[in-house]
Structures are given as structure tokens and as C-alpha cells.
Amino acid sequence: MKRHASTALAALCAVALLLCATTAFAKPILIKFSHVVAENTPKGLMANKFRELVEQRMGDKVVVEVYPNSQLFGDDKVLEAMLLGDVQLAAPALSKFESYTKVLQIYDLPFLFKDMGAVEKFQQGPNGQKMLHSMEDKGVLGLGYLHNGLKQLSSSDPLRVPADAVGKKFRIMASDVLAAQFEALQAIPLKKPFSEVFTLLQTKAIDGQENTWSNIYSKKFYEVQPYITESNHGLLDYLVVTSAEFWNGLPDDVRAELKKCLDEAIAFGNKIAGDKDDEDKKKIADSGRSKIIELTPEQREQWVEAMKPVWKQFEGQVGTDNLEAAIASNK
Ligand code: LMR
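First things first, this report covers the structure right here in the doc. For clarity, every value in this text was computed on a predicted model and none was experimentally measured.

1. Concerning the site of the ligand
In the region of the ligand, the neighbouring residues are V36, V37, K43, A93, K96, R171, M173, F194, N211, N215, L236 and Y238. Measuring from an oxygen atom of the ligand, one finds a side-chain N or O atom of N215 at 2.9 Å. With respect to the ligand, the side chain of Y238 contributes an N or O atom lying 2.4 Å from an oxygen atom. Protein chains bury 100% of the 270 Å² of accessible surface belonging to the ligand in isolation. The site holding the ligand turns out to be the largest cavity. Split by residue class, the shell around the ligand holds seven nonpolar, two polar and three charged.

What follows is the structure in C-alpha cells.
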């Protein structure tokens, strides 16, 4: 009897030891978060915040590695890499999903949202929320929207009215809506990766580009662009995405805790996006390297008139109900 008891005890100890060893040496889950912007931008700061929160709350189970500045992948490759399991999280601009879904193209329509409040209202409403699921059939899950801000037009010559853009070459993100927008101005759009923009501008291979104040500042575009027109003509926001295979394969408790960390990091990023916009605009103005052109209401109206026909061109693809909901979010 005594011998049986001690054998059972020894077996129990062995199981306990084995369990301890497995837990102690279990490899944490690795999440690589790849993005293309600088760290001191809404997306860069959001990604770093997410890494910090995960480290604090679940550092024994999950490790997040953030790769900024296109170090790991450019946005032209990152979704493919995510589906292959080489990256687990990314947050490309909403403009960069058109080979996966057409509905997100709505965010590229020029002069659609009057301000970031309207953008937020639309994204959090039923139409915006449904779009998070628009790529699930391709294995891509939308986990949340992240703000950057409204885009400005930078150029080597002053742009005050649409006629100033005729025949000029502009770098755009890989989006047919953005191509149509510049074609409507009789300008020449060129789809190029973000990592190439500075050199293209510096070498004068292109005349201008469109981006937010934080990207124009952090990537030093203002040092090689003497004019920036404060046009606020379009939106540059992001979708934080993961692959369905990776996300659904996580243990339930890990997935739930990671989603909490992500939601908090996104809320943090969204909160600072507006301030960064103002701060970086001011830094550019103070540098004296680039003249900021403010449009008169009449000049602005000319840009609206020139670009707005693009809506009709893409209404079928983005969906009339989505377009109506987006317009209604301005009220
Ligand atoms: C761009 O390519 O201009 C932007 O998408 C970069 C970014 O991610 O903000």
C-alpha cells in the first residue's frame, strides 16, 4: 500500500515537473508588425504602444516585434507576406486594398468627408463596420480603423487652382481612385511605393505628391518641396489587418487579450493623430523650407468641382448605400 502511494506520488511529481518545464520553455507567440512610416507618426506610435501593452500584460505568452520604415516589407508586398505567415499584423492605408476589396475605395473619393469627425462617424457606423469584414473571403481580417488625417498637395510649383496641376507628375498610392482623381485634373499620376517618394521628389523625377502633414514632416518631403497647398482634399487612414489563419488559430484567451491591447493602442493612436497633424504642420511652417498655401473659398471650390466627378465613376464599385451613408456622416 505504502509502495503504491509512493509510486503514485513520484508519478505525480514527474507530471508536475514536466508541466512546469513545458510552460517554462514554451516559446511565446511571435507577432511581427510591419509598416512603412516613421516611428514618430500616429501609426508608428500606435504600433509601439501595442508592443508595450502586450509586453506588460502578456509578455510571457506573446512577443511583438515592430518593423517601421518599410524595413521588412513595403505595402505592395505586406498583405501577401501576411497571408504566407511572414508577418502577422500590418496597417496599410485604406487606399492599398483594392485588389482585395472594392468597397474600401470609398475612402479615397476626393472631398467626401468634411473633417475627421465625419470620418469617425462613418467608420463607427454600420456601413463602416461592415467593411471591416469585406476581405474575409480572401483570408484578411480587419481589426480596426486607425486615423492619420487629411491629405495636402505638395509640389515644386505653387498649386492654387486645378489648372496649375495640368501636365504635372504626382506620386500616388496604388489606387485607381487616386489615379482618376489626378487624371480629372489632367495631371499624370504615378503609382509608387512610399519608400521611394523622397528620392523621386529630390531628383525631380516627379513634381509633387499628396500626403498628410505627419508623413510630409517625418519623411522630410517638405525639404524637397517648396510648396504645400493646404487642400484637405482626401483622407489617409489605415486598416489594421491580420490573417484569418493566424488570428483564428490563437488560443481564445490570448486572442481576446490581444484584441483588448490592440483596441487600446488604436484608441491611443487615434487620439494623438489630430494633435500630430497640427504639430507637424507647424514644424514645417517654422522650418521655412516650404511655403504653405491656403486656398480661398473660391479656389477650393474649383478643386472640388474638378475632382468630384470621380465619385460617379466609382459609385458602382463602392456601393450607392455606402456613398449615401458617407455623405450623411458630414451632417
Ligand atoms: C503612402 O504610401 O503615402 C502612405 O500610405 C504611407 C502611410 O502608411 O501613411
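The discussion continues.
2. Re the nonpolar core
Counting 61 residues, the largest nonpolar core has F50, L258 and W303 as the members making the most contacts within it. It is helix α10 (residues 252-287) that contributes the most residues to this core, seven residues altogether. When neighbours within four sequence positions are excluded, L258 is seen to be in contact with I31, F50, V54, M58, V62, W247 and L250. Counting 34 residues, the second largest nonpolar core, distinct from the first, contains L79, L109, M131 and L132.

3. Digging into the layout of surface pockets
Of the pockets and cavities examined, the largest pocket occupies roughly 360 Å³. Residue lining of the largest pocket: 21 residues in total, with D75, D76, K77, K96 and A174 positioned closest to the centre. Taken together, the residues of the lining of the largest pocket sort by class into eight nonpolar, four polar and nine charged. Quantified by volume, the second largest pocket comes out at close to 170 Å³. Taken together, E120, Q124, Q129, L132, L143, G144, Y145, K259, D263, I266, A267 and N270 make up the full set of residues lining the second largest pocket. Counting only elements with at least two residues in the lining of the second largest pocket, the list comes to α4 (116-124), β4 (140-150) and α10. With five residues, the top contributor of residues to the lining of the second largest pocket is α10. Here the lining of the second largest pocket is built from residues that sort into five nonpolar, four polar and three charged.

4. Focus: the sheet that holds strand β11 (residues 291-294)
Hydrogen bonds along the backbone pair up the strands of a sheet, which may run parallel or antiparallel. Overall, mixed pairing links the six strands, which are arranged β7-β6-β8-β5-β9-β11 in an open sheet. At either margin of the open sheet sits one strand with a lone partner, and together these are β7 (188-191) and β11. Within this sheet the neighbouring strands show an average axis-to-axis angle of 30°, counted without direction. Alignment of strand β6 (residues 169-172) against strand β8 (residues 208-211), held across two bridges, turns out to be parallel. Paired with F170 across the two strands is G208, which belongs to β8.

5. What about unusual backbone geometry?
The residue K204 is not glycine, and still its phi comes out positive at about 65°. Relative to the helices and strands, K204 is located in the loop between α7 (197-202) and β8. We classify K204 as exposed; its relative accessible area is 62%. If you check the backbone angles, N232 has positive phi at about 45° while not being a glycine. Turning to its location among the elements, N232 is positioned in the loop between β9 (227-230) and β10 (235-243). We classify N232 as partly exposed; its relative accessible area is 26%.

Rules used in this analysis
Residues numbered from 1 in each chain as written. Predicted model: local features only at pLDDT ≥ 70, side-chain atom pairs only at ≥ 80, totals over all residues. Heavy atoms only, no water. Near = heavy atom within 4 Å. Polar contact = N/O pair within 3.5 Å; in protein donor to acceptor, adjacent residues only side chain to side chain. Areas by Shrake-Rupley, 256 points an atom, 1.4 Å probe, with all protein chains shown as cover. 1 Å grid on protein atoms, 1.4 Å probe; cavity = no way out; pocket = protein on both sides within 12 Å on 5 of 7 lines; lining within 4 Å. Sits in = over half its atoms within 2 Å of the grid points. Nonpolar A, V, L, I, M, F, W, Y, C, P; charged D, E, K, R; others polar. Core = buried A, V, L, I, M, F, W, Y, C linked by side-chain atoms within 4.5 Å. Buried < 20%, exposed > 50% of the residue type's maximum accessible area, 1.4 Å probe, protein only. Helix = DSSP H or I, 4+ residues; strand = E, 2+ residues; numbered from the N terminus. Contact = heavy atoms within 4.5 Å. Points joined across faces, edges and corners; volume = space filled by probe spheres on them. Pairing = 2+ DSSP bridges. Axes fitted to C-alpha atoms, helices over the stretch in contact; angles between N-to-C directions.

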